[in-house]
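Architecture and fold: a report
Below are the chains, spelled out letter by letter.
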Amino acid sequence: MKASWDIFCSVVDNYGDIGVTWRLARQLVAEHECEVRLWVDDLRAFEKICPQIDIRRECQQQAGVEVRQWPEHWLPVAAADVVIAAFACQLPHAYMEAMAERERPPLWLNLDYLSAEDWIGGCHGLPSVKFHGVQKYFFFPGFVPGTGGLLRESDLLRRRQAFQGDRQAQLEFLQGLGGAPVADARLMSLFAYENAGLDGWLDALADDVRPTHLLVPEGRILGDVQRWLDVAPLGAGDLAVRRSLTIQVLPFVPQEDYDRLLWCCDFNAVRGEDSFVRAQWAGRPMLWHIYRQDEDIHLDKLEAFLALYTRSLSPEARAAVLALWQAWNTESGMAQAWKNALQHWPQITAHAEQWCLEQGSQTDLAAALVQFYLNWI
Ligand code: TRH
């Protein structure tokens, strides 16, 4: 019999919480024959990444997943075989009672945020709290064996490589988003939080001898782009040229299209958690705007990832990547850091593909979750 899974997603802000849980839910259905209910407290955020969502419906089927509006006033339901509280969200008390009432208690997991820090390996899979005899476990995604791995659909790298090998498919896709890329330009995408360091970067791109075509999906960074351009509020479809730099504002696209956008580009600036992982699967050089946390603990996460990510680069290329990522995340010094990174472009580019393949050889997160469940029963 198929195992039933309940995934709970409380949207804190932005799109990462729903981005990750929606991806996981679909993959559990498509590749592991699980029956999945995804409980989401903010269908508007969901609709942004999946326009098929009907925000008025309490219950709907999407890609084989039963999507449920997580109601403020919980109505009783039977608990599933596996219960995932994403990112430490608090389950409804009545649902926890239902877990405890099951003849056979469910496997209860807290799916945590992604980090490359060392302690993750030691805590992954450990027991956490108990509720009336139902044990909760920590499940940590990660980049090294011994962690929960990264979300990666089984055919993702094959589809990515096929698309990157098909120039016509890329052109059609980009045209569908609003226009063909500028000839001979370095094609880049920009998805980031507000960042005061953007000015220096755009200055460097505008002054470069090689043209750059920068694609910017609508979102939080747009205010900084607009200020640099010194124009009225920007929206999807707007295009501006400043010397070597062409900036094109894109609509916020469905999640599958965002993958294709990353695959088309020579360089991707991403943020948060899910786009950060998807840029790695694109096999192209990238820049991460990490989600800011209290007491700057995000900087430890940044450092831990960089230590892993850059370890096979030459000392010079490594220093250039470190300086670029640090400049972006401290919002200063981007012009010099960018010019310096360009000096090592061939190596940084080859490394991005190599890193992707290395990560792709490990067990993916959905498979690791299913295996954890099978070991547990
Ligand atoms: O939106 P985010 O900043 O989400 C963040 C992080 O997850 C962070 O860790 C978390 O604490 C915070 O939310 C609450 O960035 P992230 O994780 O990259 O999620 C963005 C999602 O949006 C991802 O699934 C890709 C998707 N997306 C689209 O579907 N279309 C688009 O056009 C773009 C730009 C993104």
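Residues numbered from 1 in each chain as written. Predicted model: local features only at pLDDT ≥ 70, side-chain atom pairs only at ≥ 80, totals over all residues. Heavy atoms only, no water.

You'll find the chain entered in an unreviewed UniProt entry as Protein-arginine rhamnosyltransferase, with Pseudomonas sessilinigenes given as the organism. According to the UniProt record, the Catalytic activity (unreviewed entry) comment for the chain reads "dTDP-beta-L-rhamnose + L-arginyl-[protein] = N(omega)-(alpha-L-rhamnosyl)-L-arginyl-[protein] + dTDP + H(+)". Taken verbatim from the UniProt record of the chain, the Sequence similarities (unreviewed entry) comment is "Belongs to the glycosyltransferase 104 family." (UniProt positions renumbered as here; feature names shortened; annotations may be inferred.)

1. As for the overall build of the chain
Looking only at helices and strands, one finds 15 helices and 14 strands in the chain. Against the 2.2 N^0.38 benchmark of 21 Å for 377 residues, the chain shows a C-alpha radius of gyration of 21 Å, consistent with a compact globule. In terms of overall dimensions, the chain has a C-alpha envelope of 70 × 45 × 40 Å along the principal axes. Taking the contacts inside the chain whose residues are at least 6 apart along the sequence as the reference set, 68% of them involve residues at least 24 apart. (Helix = DSSP H or I, 4+ residues; strand = E, 2+ residues; numbered from the N terminus. Rg over C-alpha atoms; globule rule 2.2 N^0.38 Å. Contact = heavy atoms within 4.5 Å.)

2. Regarding the pairing of strand β12 (residues 245-250)
Within β12, 6 of the 6 residues are buried, leaving the element largely enclosed by the surrounding structure. The side-chain alternation of β12 yields two buried faces, one formed by Leu-245, Ile-247 and Val-249 and the other by Thr-246, Gln-248 and Leu-250. Bridge count for strand β10 (residues 212-217) against β12 is 6 bridges, and the pairing is parallel. The residue bridging Leu-214 from the neighbouring strand is Ile-247, located in β12. In the sheet, strand β11 (residues 239-242) pairs with β12 via 4 bridges, with the strands oriented antiparallel. Directly across from Arg-242, in β12, lies its bridge partner Leu-245. Linking two consecutive strands that pair antiparallel, namely β11 and β12, is a turn of 2 residues; a positive phi of about 50 degrees is found at Arg-243 within it. (Buried < 20%, exposed > 50% of the residue type's maximum accessible area, 1.4 Å probe, protein only. Pairing = 2+ DSSP bridges.)

3. A look at the packing of aromatic side chains
Under the definition given, this model contains 37 aromatic pairs. Geometrically, the ring pair formed by Trp-201 and Phe-267 is edge-to-face, given 6.1 Å between the ring centres and 80 degrees between the ring planes. Placement of the pair is Trp-201 in helix α7 (residues 198-207) and Phe-267 in strand β13 (residues 267-271), with a sequence separation of 66 residues. Neither Trp-201 nor Phe-267 differs from the other in exposure class; each is buried. (Phe/Tyr/Trp six-rings, centres within 6.5 Å; stacked < 30°, edge-to-face > 60°.)

4. Concerning the nonpolar core
Counting 120 residues, the largest nonpolar core has Phe-46, Leu-190, Trp-201 and Trp-325 as its most contacted members. Judged by nonpolar contacts, the second largest core, of 18 residues, contains Trp-39, Cys-89, Phe-131 and Val-134. (Core = buried A, V, L, I, M, F, W, Y, C linked by side-chain atoms within 4.5 Å.)

5. Comments concerning the packing of helix α1 (residues 16-32) against helix α9 (residues 255-264)
Helix-helix packing is characterised by the crossing angle of the two axes and by the distance between the axes. Packing of α1 against α9 brings their axes to within 12 Å, and their N-to-C directions diverge by 100 degrees. On the basis of their axis angle, the class for α1 and α9 is roughly perpendicular. Here α1 contributes Gly-19, Trp-22, Arg-23 and Arg-26 to the contact with α9, which in turn contributes Gln-255, Glu-256 and Asp-259. Residue classes in the contact of α1 with α9 are distributed as 1 nonpolar, 2 polar and 4 charged. (Axes fitted to C-alpha atoms, helices over the stretch in contact; angles between N-to-C directions. Parallel < 35°, antiparallel > 145°, perpendicular 65-115°, else oblique. Nonpolar A, V, L, I, M, F, W, Y, C, P; charged D, E, K, R; others polar.)

6. Looking at the side chain of Arg-271
Residue position: Arg-271 is located in strand β13. Although Arg-271 lies buried, it forms no salt bridge, and the closest oppositely charged side chain, Glu-194, sits 6.9 Å away as judged by the N-O distance. When residues no more than four places from it in sequence are discounted, the contact partners of Arg-271 are Asn-14, Tyr-15, Phe-191, Ala-192, Tyr-193, Arg-220, Phe-276, Trp-288 and His-289. (Lys, Arg positive; Asp, Glu negative; His and termini not counted. Salt bridge = Lys/Arg side-chain N within 4 Å of Asp/Glu carboxyl O.)

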